[in-house]
Amino acid sequence: MNNLQGLLKDWRRTNYASQCDAEIAGSDVTIMGWVHEIRDFGGIMFVIIRDVTGRVQITAPSKKVGEEILEELRELRKESVVAIKGTAQEAPKAPNGVEILPKEVKILNLANQPLPMDPTEKVKAGIDTRLDSRFLDIRKENVSAIFKIKGQMFHTIRDFFYDNGFYEINTPKLVASATEGGTELFPITYFEKEAFLGQSPQLYKQMMMASGMDKVFEIGQIFRAEEHDTLRHLNEAVSIDAEASFADDEDVMKILNDMIIQVLKDVNENCADELDILGHEIEVPSGDFPVVTYDEAIDIVNSKDVEMEWGEDLSREAEKALGDTMGGFYFLTRWPSEIKPFYVMPVDGDEKYSHAFDLMYNNLELSSGATRVHQYDLLVKQIEERGLNPAGFGSYLKAFEYGMPPHAGWGVGADRLTMVLTGSENIRECVLFPRDRHRLTP
RNA sequence: GCCCUGGUGGUGUAGGGGCUAUCAUGUGGGCCUGUCGAGCCCGCGACUCGGGUUCAAAUCCCGGCCAGGGCGCCA
């Protein structure tokens, strides 16, 4: 007739599915959600409606509901969006002990058939198929559980930072310089100039230390054009970055330690249902995470018959060997200066070591941090030593010439931390619309 | 980028020179008054692409693309 079908008009939801239990028996409710399953027995029909909170059963016995209601229910297809007005009644045979006897049915939007994947998971789809139809995939409670937990994680982290005197900032993701060295950047066209997508807020948050803002944090996207193809790398990730003035590595490790503990506690407390759905348990370590130095790590790795020489970064095999020994969360400290970036502070009197640290969980690197160099001359020297050109760092270096305080900070991979919180083995599971070497859509 | 493995209905799979291509789920229709992985009946729907070998290729070979796993890369 026209395109304006399925309008809400004056219909509004009165109860979420999870709010339908024996307590509400006898009352009239309006349910809105997706058709999870339909079981039509001819004389009685069951329709399971799902919303963000769970599921509720609509029961339509032909003896008790009108023929026109049954006709409308028979038009439904899986995953269609409906609103149903009805009366809740106790029913020991129904899930949750309650079911809704429908009085009015409003089809808000029919779903085409067949579906590109099965959200009820009778036949499990592969990750690629799932990501191609991610919105449908997220309708599954074991998928949305991951993002509910991730949301709690961000909530706790923001609360933690605000409670500890950090100011939330945003730094540019469109950057001019490709001279930071190291990782590959994505080049883009910026009007008549070349520009890049930011790989890290590192230089900006350091410049903020010269602004007098004292302690800042940022939660934002980072972009890395590396052609890696693993379960723990993406080309677009979310980084949780913190930087604090008048602080050193020990101070910010303590902050990181406390923040992680708080996240673990809050997720345990507020996401018990989601953890249950995922079949995952979180153990909250008591007190401070163990610390292992780089030199000790080499000994551990070597003792497991994995080769590693001083001055090398940990190979994947070395990470696994170390993770097997340490287990859980632990800090890896006192890294060689030569394999750390120019902005990392060397150890006074023993310059081949640095004040850099990583936070690990088993064999997964979650965070890197350090005391930073705040002295202009040392910074220039370290930039040059790494074969980089100080001229490319003009606006960054300028901040070190007019009163830069000693400072330290770290960055945490938010998506990797989510893997730990949810027990996911593929980082793609922990990002709504992941960007990897091969995937740019949806 | 390298190595290994793979690509068969919408989804997940079996098969592995000659088939009408297996099964499940789904989907369309029918029966059915307590399902909750409902059941039963009927129908629908597929061999990644390009080249080669062969009387014959979904099957063997080469290449592309894509995927899974591992590694490398990841200041």
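Residues numbered from 1 in each chain as written. Chains lettered and ligands numbered in written order. Predicted model: local features only at pLDDT ≥ 70, side-chain atom pairs only at ≥ 80, totals over all residues. Heavy atoms only, no water.

Draft legend 1. Structural context of the sheet that holds strand S13 (residues 329–333). Read across the open sheet, the eight strands follow the order S6-S10-S11-S18-S17-S16-S13-S12; overall the sheet is mixed. A strand with exactly one partner marks an edge of an open sheet, and here the two such strands are strand S6 (167–168) and strand S12 (291–293). When strand S16 (residues 356–361) meets strand S17 (residues 364–371), the two strands line up antiparallel, connected through six bridges. Paired with Ala356 across the bridge in S17 is Ala370. The strands touched by helix H9 (residues 316–326) within the sheet are S12, S13 and S16, with S13 carrying the most contacts at an inclination of about 125 degrees. (Pairing = 2+ DSSP bridges. Helix = DSSP H or I, 4+ residues; strand = E, 2+ residues; numbered from the N terminus. Contact = heavy atoms within 4.5 Å. Axes fitted to C-alpha atoms, helices over the stretch in contact; angles between N-to-C directions.)

Draft legend 2. Molecular detail of the sheet that holds strand S3 (residues 54–61). The five strands lie next to each other as S1-S2-S3-S5-S4, forming a closed barrel whose pairing is mixed. The sheet shows a mean angle of 50 degrees between the axes of neighbouring strands, taken without regard to direction. Pairing analysis gives eight bridges linking strand S2 (residues 44–51) to S3, with the strands arranged antiparallel. When the sheet's bridge partners are listed, Ile48 is paired in S3 with Gln57. Sheet strands touched by helix H1 (residues 67–75): strand S1 (28–40), S2, S3, strand S4 (81–90) and strand S5 (98–109). Its angle to S5, the strand with the most contacts, is close to 60 degrees.

Draft legend 3. Expanded view of the packing of helix H4 (residues 141–163) against helix H12 (residues 414–422). One way to put it is that H4 packs onto H12 with a least axis distance of 10 Å and a crossing angle of 120 degrees. Compared by their axis directions, H4 and H12 come out oblique. Between H4 and H12 the crossing geometry is right-handed. Across the interface between the two elements, Ile146, Ile149, Lys150, Met153, Phe154 and Ile157 from H4 touch Ala414, Asp415, Leu417, Thr418, Leu421 and Thr422 from H12. Of the residues that constitute the contact of H4 with H12, the class distribution is eight nonpolar, two polar and two charged. (Parallel < 35°, antiparallel > 145°, perpendicular 65-115°, else oblique. Left-handed = near helix turned anticlockwise from the far one by under 90°. Nonpolar A, V, L, I, M, F, W, Y, C, P; charged D, E, K, R; others polar.)

Draft legend 4. Seen up close, the layout of surface pockets. Taken as a whole, the second largest pocket spans an internal volume of roughly 490 Å³. In terms of lining, the second largest pocket is formed by 18 residues, of which the most central are Asp51, Val52, Thr53, Ser144 and Lys148. A per-class count over the lining of the second largest pocket returns six nonpolar, three polar and nine charged. (1 Å grid on protein atoms, 1.4 Å probe; cavity = no way out; pocket = protein on both sides within 12 Å on 5 of 7 lines; lining within 4 Å. Points joined across faces, edges and corners; volume = space filled by probe spheres on them.)

Draft legend 5. Highlighting a negative patch on the surface. A contiguous patch of negative charge on the surface is contributed by Glu67, Glu68, Glu71 and Glu75. Mapped onto the fold, Glu75 is located in helix H1. (Patch = residues over 30% accessible without salt bridge, like charges linked within 9 Å, V, L, I, M, F, W, Y side chains within 5 Å. Areas by Shrake-Rupley, 256 points an atom, 1.4 Å probe, with all protein chains shown as cover. Salt bridge = Lys/Arg side-chain N within 4 Å of Asp/Glu carboxyl O. Lys, Arg positive; Asp, Glu negative; His and termini not counted. Charge placed at Lys NZ, Arg CZ, Asp CG, Glu CD.)

Draft legend 6. Looking closely at the protein's contact with RNA strand B. Taken together, 52 residues sit near RNA strand B, with Arg39, Glu99, His233, Lys320 and Pro341 positioned nearest. Arg316 is positioned such that a nitrogen or oxygen atom in its backbone is 3.1 Å from a phosphate oxygen of RNA strand B. The side chain of Arg437 places a nitrogen or oxygen atom 3.3 Å from a phosphate oxygen of RNA strand B. Of all the elements in the fold, those that place two or more residues in the surface near RNA strand B are S1, S2, S3, helix H2 (127–132) and H9. Grouping the constituent residues of the surface near RNA strand B by class yields 13 nonpolar, 19 polar and 20 charged. (Near = heavy atom within 4 Å. Polar contact = N/O pair within 3.5 Å; in protein donor to acceptor, adjacent residues only side chain to side chain.)

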